[in-house]
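Listed below, chain by chain, are the residues.
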Amino acid sequence: MTKKEVNQDGFNQAMKEILAGGATRTILSVLLGFLVGAIFMVISNKEFIEGLGYFFSRPGDSLGAAWQVVSDGYGALFRGSIYNADADTFEKAIRPLTETLRLATPLIAAGLGIALTFRVGLFNIGGTGQLISGMIFATFVATKVELPFLLHMLVAVIAAIIGSTLMGALIGFLKARTGAHEVILTIMFNYVMLYLFTFMLREQSLLQGEGIIGNPKADPAAENSLLPKLLGDSYSLTWGLILALMAVVVYWWLMERSTIGFRLRMVGFNPDAAKTAGVNVNRTYILAMALSAAFVGVAAANQTLGTAIGVTPSSHANIGFDAITVALLGGSTAPGVLMAGLLFGAFKAGSPSMQVIGISPEVLGIVQGAIVLFIAAPPLIRALFGLPKPQTSNVLGKLRSRIFSRKVTK
Amino acid sequence: MSSLVTETKIGFKAPIVMAAIGLVVLVFFGLLGRDGMANFQISRRQDAIQLPDVPIDSSLLGVVSGILMLALAGFSLWLTLRNRKTRMWSISIFGFLGIVSLLGWLAADNSVPVSFIAGTALVLAVPIVLGAMGGVMSERSGITNIAIEGQLLTGAFMAAVVSTITGSFTLGIISAMVAAALLSMILAVFALRFLAQQIIVGVVLNVLVIGVTNFLYQQWLTQDSENTNFPGTLDIIKIPFLSDIPIIGPVLFENRITVFAALLIVPALWFVLFKTKLGLRARAVGEHPLAADTVGINVARTRFWWVTIGGAIAGLGGAALTIGNAGAFGREMSGGFGFIALAVVILGRWHPISASLAALLFGFSIILRVWANQVSPGIPSDFITMVPYVVTIIAVVGFVGKSRPPKAVAVPYVKG
């Protein structure tokens, strides 16, 4: 073989690896998801359906209406979540992006938590319960305790993380001790914590705000305990985002670089083999559930201390469940969860502007579901697009190490 | 097999948990209970046979049930000491006593409309029961089904919309079952053909169904609810003679077709699963697919059809939500019933009848919250609502423990 041929081969192999890799599949799944959403927008559009009646004589009407509704819908999504070109000042135009970041914050943090359990072969549906547990602790610190500036905020954040971690550890303990299935435990604790929280918010001696009668609602968090605004008072984005980004870095280090992460992944790959290798599997389960809930706790801090309105039973905002989709889309890796959280945060931020132009933002729920459905079945995407199977060679890895470290192993 | 080879030790969890609950009943509902008589109304005014009301002193009822429950705990302890399992019937009686004492405690100086509460509990439990049957069918054959929530919601939506548009409840029910079966087919195909993680596909299908129904509800049903979402409810059918039996009559034999269907499907599924060749094959596929394949059972096909038919049954459960109870479709109206059904499957150890009894507990708690608010407004209803979930946790931790699911559940089978 000539040198050129070898290079050509290497190039082809690298190409194949890229196409077979997770990133290509994810991007295609996201595009397909938007396509499915577009189909729903079109078929529920009145002009399009009316145009269908005489489709073969004037197909332009239907197709025009279809194009119109899809571009309007996704255009509104872009305006509401990234950049609003209609705004008169740059500060206002960029506001949607800060909203996306604000709404993505809890999704990223909680998504990391759920992702961690996936890596250990567990399934934590209990994000809601753990979130609420953290909120109970944080609400107590934020409304019933008085501390100086900054310290109060730090104590409240730590309280949230502790509250969530305890819940997770309890579930892990019950699973390890009795063999009860974590799916059932987490679902049941979601309900128990929700009703417990509602009860506490209804009880004047516990968490209910002063002067509130009947309604389950807490006092607004004390000024000192609020997460400070990140970009000044004109945006609602807070330091919660920084917390979430720190969580991403911690998660990456924990899972990819630390011995704990190695043990967690080992149990995830094969619990029997891990046991043989001397890993205490039951203790690992407790640790995994506690660590997972700790990440959810960051989201709990954000929900409690993000705005100065009193906490209500619905303040958990279903983040515990959304986090599952985020973790799935992100492939349970740190950068993946970050990107997935941002995407779903953008969906949440863009919903109101879709509502304004008369397109139900619920279509974004369909997009969300469709994306993860495609992600869940790699062979389906491969078959649809004729992508190659996962490659066993590692040409890309060699290429990368040649570029970054120059330490080429032969 | 395992009982012959290894002698398993029966743990003391069951008697301990039972004794603790019995003590709670004895002390809080009995000794520290509330004064006044609880008036158990056996007959309704419109019933053919009238039986007199039974007034019982509230705290006396608590003491008596507490002592009986402690006796059952003692019986369980006796069995455990002889290394025998606590019997199902004793747990059922235990639960029944607990419910009666709770009713008596709540209704001090008030009446307990027995057949109304039991009947409503049954109606409310039907979606959970049918959802759980769908879960049992798919998990027994080896496929984890987290998508019960989605199947219920699909059934509820289709039943309401198709019944309204066509004006025929029959078509509504059929389309609910077919649509939910199609959803199950997606689960089956992803699990069997694409070897996707079954739990993940289930969760995703739920997200997708919630998304689609929310969108259609917002975009379509709310705009024109008169013509799309106004089905009303099925007629109540009275079975002659049987419906005149006190208590049992109005509860069991005076119902909508959805309830009757549930009452028939549960024993039928038990029979098919445990007494026929068909059921044996399904269980073989769920326990040991390789062995089943070796003797010539088509593993993939068996799983596919059990999951699909299970989906159809869950779809019927969804129809029970709309045309069997509420009379219209509402946003995300399954409200977690699918997840409760999932819990009920495990709580009932993948057995149709035990699972249905567990589902009744949840139906009971829903009506209890409403009713308790009326008779004793002072009691925090959040705690009463919490009861079934706490009971499930206690049961899963205490009784079921290392619940052994069908061995091959969630494990894809690739023909070697």
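The rules behind the values
- Counting of residues starts from 1 at the beginning of each chain's written sequence and follows it residue by residue.
- Throughout, the order in which chains and ligands are written sets their labels, letters from A for the former and numbers from 1 for the latter.
- This being a predicted model, a pLDDT of at least 70 is required before a residue's local features are given, and a value of 80 or more before pairs of side-chain atoms are given or counted; all residues contribute to the totals for chains, interfaces and linings.
- When buried Ala, Val, Leu, Ile, Met, Phe, Trp, Tyr and Cys residues are joined through C-beta atoms within 7 Å, the set is termed a nonpolar core.
- Counting other C-beta atoms within 10 Å of each residue's C-beta, where C-beta atoms are placed from the backbone, gives the exposure class: buried for 20 or more, exposed for 12 or fewer, partly exposed between.
- Numbering of helices and strands runs from the N terminus, with a helix taken as a DSSP run of H or I at least four residues long and a strand as a DSSP run of E at least two residues long.
- Note that the domain bounds reflect an automated or database-derived domain assignment.
- pLDDT expresses, on a scale from 0 to 100, how confident the predictor is about each individual residue.
- We call two residues in contact when their backbone-placed C-beta atoms lie within 7 Å.
- In this classification, Asp, Glu, Lys and Arg are treated as charged, Ala, Val, Leu, Ile, Met, Phe, Trp, Tyr, Cys and Pro as nonpolar, and every other residue, Gly included, as polar.
- Think of it this way: DSSP has to see at least two bridges between two strands before they count as a pair.
- In this description, a line fitted to the C-alpha atoms serves as the axis of each element, helices being fitted only across the stretch in contact, and the angle between N-to-C directions of two axes falls anywhere from 0 to 180 degrees.
- Any helix carries an expected span of 1.5 Å times its number of residues minus one.
- These descriptions rest on fixed angle ranges, namely under 35 degrees for roughly parallel, over 145 for roughly antiparallel, 65 to 115 for roughly perpendicular, and the rest for oblique.
- Crossings are assigned a handedness: left-handed for a near helix turned anticlockwise from the far helix by less than a right angle, right-handed for a clockwise turn.

Enquirer: An account of the nonpolar core is needed here, citing residue identities and associated values.
Expert: The nonpolar side chains of a soluble globular protein tend to be buried with one another. Counting 256 residues, the largest nonpolar core has A:Ala138, A:Ala376 and B:Val344 as its most contacted members. Top element by residues in this core is helix 13 (residues 281-305) of chain A. It accounts for 16 residues. Three or more residues apiece are contributed to this core by two domains, here domain 1 (17-81 + 361-410) and domain 2 (97-332) of chain A.

Enquirer: A description of the environment of A:Phe140 should follow, citing residues and the corresponding values.
Expert: Residue and element names in this part refer to chain A. Turning to its location among the elements, Phe140 is positioned in helix 7 (residues 127-144). On the basis of neighbour count, Phe140 is assigned to the partly exposed category, with 18 C-beta atoms found within 10 Å. The sequence separation of Phe140 and Gln208 amounts to 68 residues, and the corresponding C-alpha distance is 9.9 Å.

Enquirer: Can you tell me about the confidence of the model for chain A, naming the residues and giving the values?
Expert: In the predicted model, chain A carries a mean pLDDT of 88, and 96% of its residues have values of at least 70. Confidence scores differ between elements of chain A, with helix 18 (residues 395-404) of chain A showing the lowest mean pLDDT of 70 and helix 10 (residues 240-257) of chain A the highest of 96.

Enquirer: Give me the lowdown on the interface of chain B and chain A, citing residues and values where you can.
Expert: With 37 residues of chain B in contact, the opposing surface of chain A contributes 35 residues. Contributions of two or more residues to the side of chain B that touches chain A are made by helix 8 (198-221), helix 15 (337-347) and helix 17 (381-400) of chain B. The element that contributes the greatest number of residues to the side of chain B that touches chain A is helix 8 of chain B, accounting for 15 residues. Taken together, the residues that form the side of chain B that touches chain A break down as 26 nonpolar, nine polar and two charged.

Enquirer: Can you break down the domain arrangement of chain A residue by residue, with the values?
Expert: Buried accessible area, meaning the area lost when the parts come together, often serves as the stated size of an interface. Residue and element names in this part refer to chain A. Here chain A is described as being made up of domain 1 (17-81 + 361-410) and domain 2 (97-332). Centre-to-centre separation of domain 1 and domain 2, based on C-alpha positions: 31 Å. Taken together, the contacts link seven residues of domain 1 with five residues of domain 2. For the side of domain 1 that touches domain 2, the element with the most residues is helix 16 (residues 363-376), which contributes five residues. Class assignment for the residues of the side of domain 1 that touches domain 2 results in four nonpolar, three polar and no charged.

Enquirer: Got a sec to walk through the sheet that holds strand 1 (residues 37-41) of chain B? Specific residues and values, please.
Expert: Residues and elements named next belong to chain B. An order of 2-1-3 is seen for the three strands of this open sheet, with the pairing classed as mixed. Looking at which strands have only one partner, the edges of the open sheet turn out to be strand 2 (54-57) and strand 3 (110-113). The average angle at which neighbouring strand axes cross in this sheet is 25°, direction not considered. Examined bridge by bridge, strand 1 and strand 3 share four bridges and lie parallel to one another. Across the sheet, residue Phe40 finds its bridge partner in strand 3, namely Val112.

Enquirer: Which residues make up the confidence of the model for chain B, and what values go with them?
Expert: In this model, chain B carries an average pLDDT of 87, and 96% of its residues clear a pLDDT of 70 or more. In the model, residues 1-6 of chain B has pLDDT below 50 throughout and makes zero contacts with residues more than four positions away in sequence or in other chains.

Enquirer: Explain unusual backbone geometry to me, using residue names and the numbers behind them.
Expert: The residue A:Ser332 is not glycine, and still its phi comes out positive at about 60°. Here A:Ser332 is to be found in the loop between helix 14 (319-329) and helix 15 (334-356). On the neighbour-count criterion, A:Ser332 (21 C-beta atoms within 10 Å) is buried. Although it is not a glycine, B:Arg349 sits at a positive phi angle of roughly 50°. Inspection of the secondary structure assignment puts B:Arg349 in the loop between helix 15 and helix 16 (352-375).

Enquirer: Break down helix 4 (residues 59-81) of chain A for me, citing the residues and quoting the values.
Expert: Between its first and last C-alpha atoms helix 4 of chain A spans 33 Å; for 23 residues at 1.5 Å apiece the expected length is 33 Å, and the two agree. Buried residues belonging to helix 4 of chain A abut helix 2 (22-43), helix 3 (46-52), helix 6 (95-119), helix 15 and helix 16 of chain A.

Enquirer: Requested: an account of the environment of A:Ala377, with residues and values cited.
Expert: Examined against the element boundaries, A:Ala377 turns out to sit in the loop between helix 16 and helix 17 (378-385). Classification of A:Ala377 by C-beta neighbours within 10 Å gives buried; the count is 24. The spacing of A:Ala377 and A:Leu305 is 72 residues in sequence and 38 Å in space, taken between C-alpha atoms. Those residues in contact with A:Ala377 that sit more than four places away from it in its chain are B:Phe190, B:Phe194 and B:Ala196.

Enquirer: Hey, could you go over the packing of helix 12 (residues 277-287) of chain B against helix 14 (residues 299-326) of chain B for me, with residue numbers and the actual values?
Expert: Residue and element names in this part refer to chain B. At a minimum axis separation of 10 Å, helix 12 and helix 14 run at an interaxial angle of 110°. Here helix 12 lies roughly perpendicular to helix 14, going by the angle between them. Where helix 12 crosses over helix 14, the two elements pack in a sense that is left-handed. Of helix 14, the residues touching helix 12 (which contributes Arg281, Ala282 and Val285) are Val299, Thr302, Arg303 and Trp306. For the contact of helix 12 with helix 14, a count of residues per class yields four nonpolar, one polar and two charged.

Enquirer: Just give me the short version of the environment of A:Leu185, but keep the residues and values in it.
Expert: Assignment of secondary structure puts A:Leu185 in helix 9 (residues 182-202). With near-sequence residues (within four places) excluded, A:Leu185 lies in contact with A:Ile171, A:Leu174, A:Lys175, A:Ala180, B:Ile393 and B:Val396.

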